[in-house]
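What follows is each chain in one-letter form.
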Amino acid sequence: MRLLTAATAALLLAAAAPADSPVNLPEPEGFHTGVQQGYTPPTLTGAMVLDIDGLDALMAQAEPVLIDVALADRRPAGMAADKPWLPAHRTIPNAVWMPNAGAAPLDPAHEALFLERVAELTGGDKAKPIVTFCHPDCWGSWNAGKRLVQQGYSRVHWFPTGIEGWQDRHETAVVKEDAAWSQRSAGLAQR
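Predicted model, so just to flag it, every value in this text is computed and none were measured.

1. Some thoughts on the side chain of Arg117
Here's step 1: Within the secondary structure layout, Arg117 lies in helix H3 (residues 108–122).
Here's step 2: Excluding residues within four positions of it along the chain, Arg117 makes contact with Met98, Asp178, Ala180 and Arg184.

Following this line, the structure appears as structure tokens:
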């Protein structure tokens with residue numbers, strides 16, 4: 001009887017689920033401006049969406065610029081200021097970590113900084129392969145990819161399973177925040 005009750009409950013929950021499942025979530029017209037963590041569309045117009053096999057293949061044939069836009073860890077609330085706190089950000093080896101570069105809205109100065117930094121990383125070559133990523137269900141990497149497509153980059157790739165998708169098959173590396181991004185961001189904050 002319990003099995004029948006559980007099966008009935010599961011069917012009712014499935015029937016009550018929204019008609020637009022996360023798999024069919026449409027792309028927003030502009031950037032996603034809500035919370036960065038949440039269901040994302042399966043597509044990014046103007047970019048190629050990669051799974052781990054696609055990323056492995058791309059990395060074997062080219063040296064893409066890997067851009068990690070994951071947020072930086074925050075010091076735990078209530079942790080005493082005199083206690084050491086040394087978070088370590090793990091990501092795809094050789095990735096450039098620019099925390100929160102996929103935010104939307106992104107103020108014009110930070111958007112210009114992001115685009116300037118990407119131009120430096122690509123040597124000004126808008127046909128250089130670029131991969132944006134973060135964590136699964138991360139709008140920040142989607143927004144970062146969209147920003148690059150809008151700027152005329154022709155080989156933008158979005159890796160929606162992000163760091164966790166990578167580490168399902170490969171080792172990650174500890175990286176520090178991109179020095180140029182953090183120094184210039186700090187300079188903007190002081191204005």
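2. So, helix H2 (residues 52–61)
Here's step 1: Within the sequence span of H2, burial applies to Ile52, Leu55 and Leu58. End-on, the buried residues of H2 take up no more than an arc of 125°, which puts them together on one face. Away from its buried face, by an angle of more than 90 degrees, H2 presents the exposed residues Ala60 and Gln61.
Here's step 2: In this structure, the buried side of H2 is in contact with strand E2 (65–68), strand E5 (130–133), strand E6 (156–159) and helix H5 (162–167).
Here's step 3: Measuring from the side-chain oxygen of the N-cap residue of H2 to the backbone nitrogen of Asp53 gives 3.2 Å; that N-cap residue is Asp51.

3. Focus on the packing of aromatic side chains
Here's step 1: What the rule picks out here adds up to one aromatic pair.
Here's step 2: Where Trp139 meets Trp142, the ring centres are 5.2 Å apart and the plane angle is 75°; that geometry is what we call edge-to-face. With Trp139 and Trp142 both in helix H4 (residues 139–150), this residue pair falls three residues apart, about one helical turn. By the burial criterion, Trp139 is buried, and Trp142 matches it.

4. Thoughts on the sheet that holds strand E4 (residues 96–97)
Here's step 1: Strand order in the open sheet formed by five strands is E1-E6-E5-E2-E4, with parallel pairing between adjacent strands. Only two strands of the sheet have a single partner each, and these edge strands are strand E1 (48–49) and E4.
Here's step 2: Of the pairings in the sheet, the one linking E2 to E4 comprises two bridges and is parallel in character. Its bridge partner lying in E4, Asp68 is registered against Trp97.
Here's step 3: Packing against the sheet, H4 makes contact with E2, E5 and E6, and its axis sits at approximately 150° to E5.

5. Structural notes on the pairing of E2
Here's step 1: By the alternation rule, side chains of E2 split into Val65 and Ile67 and Leu66 and Asp68, which are all buried.
Here's step 2: Pairing of E2 with E5 involves four bridges; the strand directions are parallel. Bridging across to E5, Leu66 finds its partner in Val131.

6. Some remarks on the packing of H3 against H4
Here's step 1: Between H3 and H4, the least distance of the axes is 11 Å, while the angle of their chain directions is 75°. Classified by the angle their axes make, H3 and H4 are roughly perpendicular. Residues Glu111, Phe114, Leu115 and Val118 of H3 touch H4, and the partners they reach there are Ala144, Arg147 and Leu148.
Here's step 2: Here the contact of H3 with H4 is built from residues that sort into five nonpolar, no polar and two charged.

7. Section: the pairing of E5
Here's step 1: Burial along E5 is two-sided: the face carrying Ile130 and Thr132 and the face carrying Val131 and Phe133 are both buried.
Here's step 2: Sheet topology note: the E5/E6 ladder contains four bridges and is parallel. Bridge pairing in E6 places Phe133 opposite Phe159.
Here's step 3: Where the polypeptide runs from E5 across H4 and back to E6, its parallel neighbour, the crossover connection is right-handed.

Criteria and cut-off values
- Residue numbers run consecutively from 1 along every chain, following the written order of its sequence.
- Restriction of local features to residues with pLDDT of at least 70 applies here, the model being predicted, together with a cutoff of 80 or more for giving and counting side-chain atom pairs; totals for whole chains, interfaces and linings are based on all residues.
- For side-chain calculations, the full set of non-hydrogen atoms in the structure is used, while hydrogens and water are omitted.
- Numbering of helices and strands runs from the N terminus; a helix is a DSSP stretch of H or I covering at least four residues, while a strand is a stretch of E covering at least two.
- Whether two residues are in contact is decided by their heavy atoms, any of which lying within 4.5 Å being enough.
- Type-normalised accessible area, obtained with a 1.4 Å probe on protein chains alone, sets the label of each residue: buried when under 20%, exposed when over 50%, and partly exposed for intermediate values.
- Directions pointing from the helix axis toward each C-beta atom define the arc.
- Here a polar contact is recorded for every N or O atom pair within 3.5 Å, except that within protein the pair must consist of a potential hydrogen donor and a potential acceptor, and residues adjacent in sequence are included only if both atoms are side-chain atoms.
- Stacked, tilted and edge-to-face are the three classes assigned to paired rings of Phe, Tyr and Trp, where Trp is represented by its six-membered ring and a pair needs centres within 6.5 Å; plane angles under 30 degrees give stacked, over 60 edge-to-face, the rest tilted.
- Pairing between strands is defined by DSSP: at least two bridges between them are needed.
- Note on definitions: angles span 0 to 180 degrees between N-to-C directions of axes, and those axes are lines fitted to C-alpha atoms, for helices only across the stretch in contact.
- Roughly parallel means an angle under 35 degrees; roughly antiparallel means over 145; roughly perpendicular covers 65 to 115; every other angle is labelled oblique.
- In the scheme used here, Gly and all other residues not listed as nonpolar or charged are polar, with Ala, Val, Leu, Ile, Met, Phe, Trp, Tyr, Cys and Pro taken as nonpolar and Asp, Glu, Lys and Arg as charged.
- Orient the strands so they point away from the viewer, and a crossover whose first-strand-to-second-strand path over the helix runs clockwise is right-handed.

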